[in-house]
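A look at the structure
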Amino acid sequence: MINIDTFWDDAKDELSKLIQTINYEIWVDSLVPVCIFENSLILQTSSKNAKKSIDSRFRDTIKDVVSTLNSSITDIQIIIPEQREEFLKKQTDFLENSGFVTVDPATKNTDETKNVFLKKYSFDSFVQGKSNSYALAACKTVAEHPGDKFNPLFIYSGVGLGKTHLLNAIGNYTQEIYPKKKVLYVTSDKIVSELISVILNKNNDESNRFREKYRSCDVLMIDDIQFLAGKEATQENLFHIFNDLHQSNKQIIITSDKAPKDLTVLEERLRTRFSWGLTVDIQPPDTETRVAILKTKALQEKFLLSDEVALFIAENAPSNIREMEGLLNKIIFFSSLTNHPINTKELAFEALHDFIEEKTETITSELIISTVSKYFKIPTADLFSSKKTKNIVEPRMIAIYLISELLSMPLSAIGDIFGGKHHATIIHARDKIANDIKSNNRLKIIVADLKSMIINI
Ligand code: ADP
Ligand code: MG
């Protein structure tokens, strides 16, 4: 079998010689090999913007290197995280017909019976906020008392909000306090490919090893269970493994992008079992938590992150923390490159220019107004009216402020939106909010939350 990761590592060695170091480090080094589909190597990058840059600048070089190393691969395709699931589905078919396997990055360097968890993903490095405190508390309890309390523990959230981080934290912690316990982390893609290999080889030894490996563990963590959609044989096997482990009070932890009841792509009997224990979700973090996460990450990199730049990234990044980290890394990288600290929001804007421009293209005054109206739970008609009650005046001024900050719209046009207001009134509203947020922390947080909601749509 050819390991796709080793293959990509070899390709990277070549690429690092061909592409200028700076560009290599920003664009190529972070690409993740996903699978091979129709003779194309599928590589994942972090965002649409990164994809655009890589496609226009490095695609041909990567393709040349890859096809020189293995002539059966004739092309490459750069995808964004949202497309991963689609390609992984295709991967199964590919695995049946070829000799490539994938290894999840979180389980790299592991032997079959014991995982090495990523040390940087610990409970200490996980920032607690309103959005994740239940999930964090549940994970700590389970790490301390595996099999005793919440079994199974089911964690769900959107991408990049910390599920894999928490699983690694549980692994690190449990292995530290119970060195004898066998803690196994596996992604659902990995179970599928293992099982396919068992089925293909029709080898009893391998099949026993598979069963033994899963049934002998004390803690079994399955990451991203939603990828078992349509994999009936794996679901069937998992059902039996689940029953065995649960009956002998072994801890099971599962993550997914949806709550068990909404995972309609899985068999009913699995869904029911998944909700036997405790289900917790992780919500996108608010601005304060995002700033705290950025500061923790910057500290890990020994980078001095100013409050102004932290807030700027937190407001402009999508709710996905992985992408937010990507922006922080760009700032760190540009700082080191120019030997010039990026410590003001103007410099940060320069560094993240491309990314922010693409985002702002989709923002409209209607979007801003409807977000403000939802946030304050007041009808949009009230924002357009001349009502002077306090609970309407402030949201209206905030909407005006956000429109003038985020869109390059003439003041008179903004006045027209708000029922034909004079441009002096618009200037007054805009300047009052701009001024008040300097001293009023409540207002500052409201505006930051609204900005990130608007930019994330
Ligand atoms: P998921 O598995 O939910 O897609 P990950 O666990 O891979 O997300 O998290 C993506 C990134 O965000 C990781 O680098 C992780 O360390 C970071 N992250 C997410 N939530 C937090 C948090 N509360 N504190 C610190 N880092 C976090
Ligand atoms: Mg994950």
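Residues numbered from 1 in each chain as written. Chains lettered and ligands numbered in written order. Predicted model: local features only at pLDDT ≥ 70, side-chain atom pairs only at ≥ 80, totals over all residues. Heavy atoms only, no water.

Regarding the overall build of the protein chain
Test applied: The helix count covers DSSP runs of H or I at least four residues long, the strand count covers runs of E at least two residues long, and both are numbered beginning at the N terminus. The globule rule used here is 2.2 Å times the number of residues to the 0.38 power, and the radius of gyration it is set against is calculated over C-alpha atoms. Relative accessible area decides the class of each residue, using a 1.4 Å probe on protein chains only: under 20% of the type maximum gives buried, over 50% gives exposed, and in between gives partly exposed. Whether two residues touch is decided by their heavy atoms; if any such pair falls within 4.5 Å, the residues are in contact. In this description, accessible areas are obtained by the Shrake-Rupley approach with a 1.4 Å probe, and a residue is regarded as covered only by the protein chains that are shown. Counting rule applied: Lys, Arg positive; Asp, Glu negative; His and chain ends not counted. In this description, the location of a charge corresponds to atom NZ of lysine, CZ of arginine, CG of aspartate or CD of glutamate.
Helices and strands together make up the secondary structure of the protein chain, namely 21 helices and 10 strands. A compact globule built from 457 residues would reach a C-alpha radius of gyration of about 23 Å, and the protein chain, at 25 Å, matches this within 12%. Along the first, second and third principal axes, the C-alpha set of the protein chain runs to 80 × 55 × 40 Å. Of all 457 residues assigned to the protein chain, the portion counted as buried reaches 50%. Partitioning the contacts of the protein chain with sequence separation of at least 6, the portion at a separation of at least 24 is 73%. Carbon together with sulfur atoms contributes 51% to the accessible area of the protein chain, which is approximately 22,100 Å² in total. When the 56 positive and 62 negative side-chain charges of the protein chain are each reduced to one mean point, those points stand 5 Å apart.

Considerations on the site of ligand 1
Keep this limit in mind: Throughout, near means a residue has at least one heavy atom within 4 Å of the molecule or strand. Between N or O atoms, a polar contact is any pair within 3.5 Å; within protein, one atom must be a potential hydrogen donor and the other a potential acceptor, and residues adjacent in sequence are included only when both atoms are from side chains. When residues are grouped by polarity, Ala, Val, Leu, Ile, Met, Phe, Trp, Tyr, Cys and Pro land in nonpolar, Asp, Glu, Lys and Arg in charged, and all others, Gly among them, in polar.
In the vicinity of ligand 1 lie 19 residues, with V127, G160, H165, K297 and E325 positioned nearest. A distance of 3.0 Å separates an oxygen atom of ligand 1 from a polar backbone atom of G162. Between ligand 1 and the protein, one listed contact pairs an oxygen atom with a side-chain N or O atom of T164 at 2.8 Å. In the complex, the protein chains occlude 96% of the 560 Å² of accessible area that ligand 1 would expose alone. Mapped by element, the contributors of at least two residues to the shell around ligand 1 are helix 7 (163-177), helix 12 (287-300) and helix 14 (321-338). The residue inventory of the shell around ligand 1, partitioned by class, reads seven nonpolar, eight polar and four charged.

Some details on the sheet that holds strand 9 (residues 251-256)
What counts here: Whether two strands pair comes down to DSSP finding at least two bridges between them. The axes used here are C-alpha line fits, helices contributing only the stretch in contact, and every angle between their N-to-C directions lies in the interval 0 to 180 degrees.
Reading across from one edge, 7-8-9-6-10 is the order of the five strands in this open sheet, with parallel pairing throughout. Bordering the open sheet on either side are strand 7 (183-187) and strand 10 (278-282), each of which pairs with just one other strand. Geometrically, the sheet is characterised by an average inter-axis angle of 15° between neighbouring strands, direction not taken into account. Pairing geometry for strand 6 (residues 153-157) and strand 9, over four bridges, is parallel. Paired with F154 across the two strands is I254, which belongs to strand 9. Each of strand 7 and strand 8 (219-223) is contacted by helix 8 (residues 188-201), which is oriented at about 85° to strand 7, the strand it contacts most.

Overview of the packing of aromatic side chains
The description of two aromatic rings rests on the distance between their centres and on the angle between their planes. Which entries qualify depends on this criterion: Any two of the Phe, Tyr and Trp rings considered here, Trp counted by its six-membered ring, make a pair once their centres fall within 6.5 Å; the pair's planes then place it as stacked at under 30 degrees, edge-to-face at over 60, or tilted in between.
Tallied over the full model, the rule gives eight aromatic pairs. Here F123 and Y173 contribute two aromatic rings whose centre-to-centre distance is 5.8 Å and whose plane-to-plane angle is 65°, an arrangement assigned as edge-to-face. Remark: Y173 occurs in helix 7 and F123 occurs in the loop between strand 5 (100-101) and helix 6 (133-144); sequence separation between them is 50 residues. Under the relative-accessibility criterion, Y173 is labelled partly exposed at 28%.

Digging into helix 16 (residues 365-376)
Formally: Each residue after the first adds 1.5 Å to the expected span of a helix.
With 12 residues, helix 16 should reach 16 Å at 1.5 Å per residue; the first-to-last C-alpha distance of 17 Å fits that figure. Residues of helix 16 that are buried include every one of S365, L367, I368, I369, T371, V372 and S373, and no others. Count one or two residues on from helix 16 and you reach K377, which has phi positive near 55°.

Some thoughts on the side chain of S131
Following the sequence through the fold, S131 ends up in the loop between strand 5 and helix 6. Under the relative-accessibility criterion, S131 is labelled buried at 13%. Residues contacting S131, with those up to four places away along its chain left out, are D281, I282, Q283, P284 and P285.

Side note on the sheet that holds strand 4 (residues 75-79)
Pairing in this open sheet of three strands is mixed, and the strands run 2-3-4 from one edge to the other. Bordering the open sheet on either side are strand 2 (32-37) and strand 4, each of which pairs with just one other strand. Geometrically, the sheet is characterised by an average inter-axis angle of 25° between neighbouring strands, direction not taken into account. Relative to strand 4, strand 3 (residues 40-44) is paired through five bridges, and the arrangement is parallel.

Some words on the nonpolar core
One recurring pattern in soluble globular proteins is that nonpolar side chains are buried together. The criterion, for reference: Here, nonpolar core refers to any group of buried Ala, Val, Leu, Ile, Met, Phe, Trp, Tyr and Cys residues whose side-chain atoms link them within 4.5 Å.
Core analysis: the biggest nonpolar cluster contains 48 residues, and I253, I313 and I331 have the highest contact counts within it. Once you skip the residues sitting within four places of it in the chain, I253 turns out to touch V142, L153, I155, L167, I170, V219, L220, M221 and I222. Counting 29 residues, the second-largest nonpolar core is a separate cluster that includes I363, I369, I400 and I446.

Considering the environment of S216
Its place among the elements puts S216 in the loop between helix 9 (204-215) and strand 8. For the pair S216 and K51, spaced 165 residues apart in the sequence, the C-alpha separation amounts to 42 Å. In this structure the side chain of S216 is engaged in a polar contact, spanning 3.5 Å, whose partner is the backbone oxygen of K213.

Some points on unusual backbone geometry
Between N151 and P152 the backbone carries a cis peptide bond, its omega angle lying at 0°. In this structure, N249 is a non-glycine residue whose phi angle is positive, near 55°. The class of N249 is exposed, set by a relative accessible area of 55%. Its identity as a non-glycine residue notwithstanding, K302 has a phi of 55°, on the positive side. Tracing the sequence through the fold places K302 in the loop between helix 12 and helix 13 (307-316).

Here's the deal with the packing of helix 8 against helix 9
The condition that has to hold: Each angle gets one of four labels, with under 35 degrees taken as roughly parallel, over 145 as roughly antiparallel, 65 to 115 as roughly perpendicular, and the rest as oblique.
Between helix 8 and helix 9, the shortest axis-to-axis distance is 9 Å and the interhelical angle comes to 155°. When the axes of helix 8 and helix 9 are compared, the pair comes out roughly antiparallel. Contacts from K190, I191, E194, L195, S197, V198 and N201 in helix 8 reach E206, S207, F210, K213 and Y214 in helix 9. Tallied by class, the residues present in the contact of helix 8 with helix 9 amount to five nonpolar, three polar and four charged.

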